[in-house]
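Chain and residue survey
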Amino acid sequence: MSGIASRKKRRLYIVCLGLLCLGVATSLVLTAFEDSIVFFYSPTDIAEKGLEADRYVRIGGLVEEGSVERHPGNRIEFVVTDFSNRIPVTYSGILPDLFREGQGVVAEGKLDGDQIFVAQEILAKHDENYMPKEVAEALQKSGQWKPESGEAPPR
Amino acid sequence: MIVEIGHFALVLALVAACVQGSVPLVGAQRNRADWMAIGTPSALLQFIFLAVSFACLTYAYVVSDFSVVNVMANSHSQKPLLYKVTGVWGNHEGSMLLWVLILALFGALVALFGGNLPAGLKARVISVQGWIGIAFLAFTLFTSNPFERIFPPPLDGNDLNPLLQDPGLAFHPPMLYVGYVGFSMAFSFAVAALIEGRIDAAWARWVRPWTLVAWVFLTGGIALGSWWAYYELGWGGWWFWDPVENVSFMPWLLGTALLHSAIVVEKREALKIWTVLLAILTFSLSLLGTFIVRSGLLTSVHAFATDPERGVFILIILLITIGGSLALFAIRAPQMRSGGIFAPISREGGLVLNNLLLATATATVFLGTLYPLFVEALDGSRLTVGPPFFDATFVPIMLPLIAACAVGPLLAWKRADLAGALGRLKFAAGAGILVLLATLMFADDGPWLAIPAMGLAAWLFVGAASEWAERVKLFRAPFAETRRRAAHLPRSAYGMTIAHMGLAIVMAGIIGASAWKQEEILVMQNGESIVFAGYDVTFLEMRRIQGPNYVAERASIRVEQDGEQIAVLTPEKRFYPVQGMPTTEAAIHTTWLSDIYIALGDEGETNAGEAGWVVRLYYEPLVPWLWVGSLVMMIGGVVSLSDRRLRVGAPQPKPAKAPSGQAVPAE
């Protein structure tokens, strides 16, 4: 008799502790979500819907041919395009190995007052044939999907 | 011809898996010994066929048979032999073949060494392994056949991605896969137990070693992957909370919980239902990991070109496996009798807390990893969940776990005295406070949380050691007595102590690397000198060198401290002409307390407009401890695995109340 009673008691303890964990985790998750979610925009998204300055986002597209300018002090300017719209980007730091004109790129940062995107990070890719999924979709949406600039040619 | 043999062997393996998945199970249900006995030879045959198949593919790679699509796409005649061999699993098709080979290996091991298992349980376990084999063999054969031919064969191949031509990554996938697939054993045992409707201490004793093997390899696989990312990608980071990293980390977290809950089942016959559920979920997360990596569903810096159609196939496997096993669980679990009762403050209670925290941590990682998918499915907007999310959720859940980890092993089964346990941790508390104060003195910047966290790591390290000291009565009994006790302590106790100490070392490494890292990016010219993190760094020269299948620019950079030369580091920027791809080879000097890490960038201009080279310098405190600590954790797992109790594994009837500490003879 007492065995069943204490078994139920034990179960109650565990359930309470479990609920406590769940509650703490939920509150942690909710507070963390507020400032760690980064939305992705293509140049067309920004041109159409606009983007308030100082909001931390990801943008992606192709590095426009002939747009890369290197400046002293390791600063670089280039243009991200999806062939419908373009965004000028400025970045100070080391570029990933596979950063090249005509290749896909994802940049994280903020838009400044003059509609120039100040990148804090340029994301690296492992594989030259690899196109970031967001970039591929953005290009498909803008009707500018050129497989030869993205995925590996079908073998 | 050899390639055709490999292909044919793969088909035969599928046939063997079909026999393995059906006959022994039907035999077990109808209680026919002859049908059940089919399990052993069919599992062995499946493994032999797959071994032949794998050997054939390896042969095609070694001789550079470019008439095979897979070899053509991933190899090159000029590639060093080591990478010809490791290239076998450096691509999707070959890695799936490795996956099923390891799966069949585990099946064969049960068949060979499962002699002391009850015949019915053994037959069912082998059958469940057979089902998983059928699913993944079909997947390999029908969507990712590595033996496909191409005509006419090209003159040379496309080469392996240069980033993968690296010894660290060469052995990362096999270890990770042994870990992933190893959890299939826990899964098979869980499903077999559900079919049988019976779980007892012997069952847990059987599940634990397999889980432990998987855990050791998964630990190694994750650490090796992290190490590779650290030195090969040239970003100076070792963990990015990237989806592909997360999906290997989730089974590790839940597998760790499973290891601990299985102890409770074994010793006290409690938490049975929960343990079965954990076994199912852990393997489900392994499958989810395979699915996410193979489908390219989540954007990841790790994602290589992928194929969505394969994703659909794995998704179906995933749904059947998880859905089926959970349905079986829902039907059978209520019939299971739960065992021993315990007070909230007890060893069992501590292990429950461990499980709750680990499961919660897994849930937050799961949410953060898959949230972008849910959102995209719901309203189409695209987003990423960044590292700050995981820092803000995962870390606060882990800290109490670390704090409790030192206390738990000191609690007695059934009902324990918390104050007494804490009293025995006075040295640990002292060490924790000491380290906290020392950190406070030396660390002038960095997040405040790092300071108490360092104290917590010391608390765990000394706490784990004092639990051992307590058991052998170190310094409290004559030395001979201590030695006798130390020799008689079961290996699993040593395993636990070592693994917990390893965890403390890893934790210190994580804190040091994330709190006090220094980073500097600048353009340097020949002969230029700078001061970085207390070191004098001089750029000596730049030279062009020729590797076996690449050309490289190699810089020589001298690092001095107090006028004494510490090292000349030679970071490289390589270019692989076959793939047309550059890579960065960072140069690292380690003092085992910290790393100096230098990576080379492009040619650049200084502020004055003069030409030079972009150089990235990192000072990475305590990073070597990450790898050392992971190794110590693995050693803990192996030591525990060598425990006689687990090696024997037989469900022996309990000896009449032998005192538990001395039940195990020394040799």
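As the structure is a prediction and not an experimental result, all values here were calculated from the model.

1. As for the overall build of chain B
The helix and strand tally for chain B stands at 22 helices and 11 strands. For 667 residues, the compact-globule estimate of 2.2 N^0.38 gives 26 Å, and the C-alpha radius of gyration of chain B, at 27 Å, lies within 12% of that figure. In chain B, which comprises 667 residues, the share counted as buried stands at 53%. Partitioning the contacts of chain B with sequence separation of at least 6, the portion at a separation of at least 24 is 74%.

2. Let's talk about the pairing of strand β6 (residues 564–569) of chain B
All names here are of chain B. Here five bridges tie strand β5 (residues 551–561) to β6, and the two strands are oriented antiparallel to one another. Bridge pairing in β6 links V559 to A567. Connecting β5 to the next strand, β6, in antiparallel fashion are two residues, including D562 with a positive phi near 50°.

3. Looking at the pairing of β5 of chain B
Residues and elements named next belong to chain B. Across 10 bridges, strand β4 (residues 535–546) lies against β5 in antiparallel orientation. Across the sheet, F539 pairs through a bridge with I557, a residue of β5. Counting the residues in the hairpin turn of β4 and β5 gives four residues. In the sheet, β5 pairs with strand β7 (residues 572–576) via four bridges, with the strands oriented antiparallel. Opposite V551, over in β7, you have F575 as the bridge partner.

4. Examining unusual backbone geometry
Cis peptide bonds are those with omega within 30 degrees of zero, and the linkage from F151 of chain B to P152 of chain B qualifies with -5°. Inspection of the secondary structure puts P152 of chain B in the loop between α7 (119–143) and α8 (167–170).

5. Considerations on the nonpolar core
Residues A186, F189, A279 and A457 of chain B are the most contacted members of the largest nonpolar core, which totals 189 residues. Excluding anything up to four places from it in sequence, A457 of chain B contacts A504, M507, A508 and I511 of chain B. V79, I94 and A119 of chain A together with I557 of chain B belong to the second largest nonpolar core, which has 43 residues in total.

6. Topic: the packing of helix α17 (residues 426–442) of chain B against helix α18 (residues 450–472) of chain B
Residue and element names in this part refer to chain B. Here α17 crosses α18 at 150°, and the two axes come no closer than 7 Å. Compared by their axis directions, α17 and α18 come out roughly antiparallel. Along this stretch, α17 crosses α18, giving a crossing that reads as right-handed. Facing F427, A428, A429, A431, G432, I433, V435, L436, T439 and L440 of α17, the residues of α18 in contact are I451, P452, M454, G455, L456, A458, W459, V462, G463 and S466. Of the residues in the contact of α17 with α18, the class split is 15 nonpolar, five polar and no charged.

7. Regarding the domain arrangement of chain B
The assigned domain composition of chain B is domain 1 (166–413) and domain 2 (518–621). Centre-to-centre, using C-alpha coordinates, domain 1 of chain B lies 39 Å away from domain 2 of chain B.

Parameters and conventions
- Residues numbered from 1 in each chain as written.
- Chains lettered and ligands numbered in written order.
- Predicted model: local features only at pLDDT ≥ 70, side-chain atom pairs only at ≥ 80, totals over all residues.
- Helix = DSSP H or I, 4+ residues; strand = E, 2+ residues; numbered from the N terminus.
- Rg over C-alpha atoms; globule rule 2.2 N^0.38 Å.
- Buried ≥ 20, exposed ≤ 12 C-beta atoms within 10 Å, placed from the backbone.
- Contact = placed C-beta atoms within 7 Å.
- Pairing = 2+ DSSP bridges.
- Core = buried A, V, L, I, M, F, W, Y, C linked by C-beta atoms within 7 Å.
- Axes fitted to C-alpha atoms, helices over the stretch in contact; angles between N-to-C directions.
- Parallel < 35°, antiparallel > 145°, perpendicular 65-115°, else oblique.
- Left-handed = near helix turned anticlockwise from the far one by under 90°.
- Nonpolar A, V, L, I, M, F, W, Y, C, P; charged D, E, K, R; others polar.
- Domains from an automatic or database assignment.

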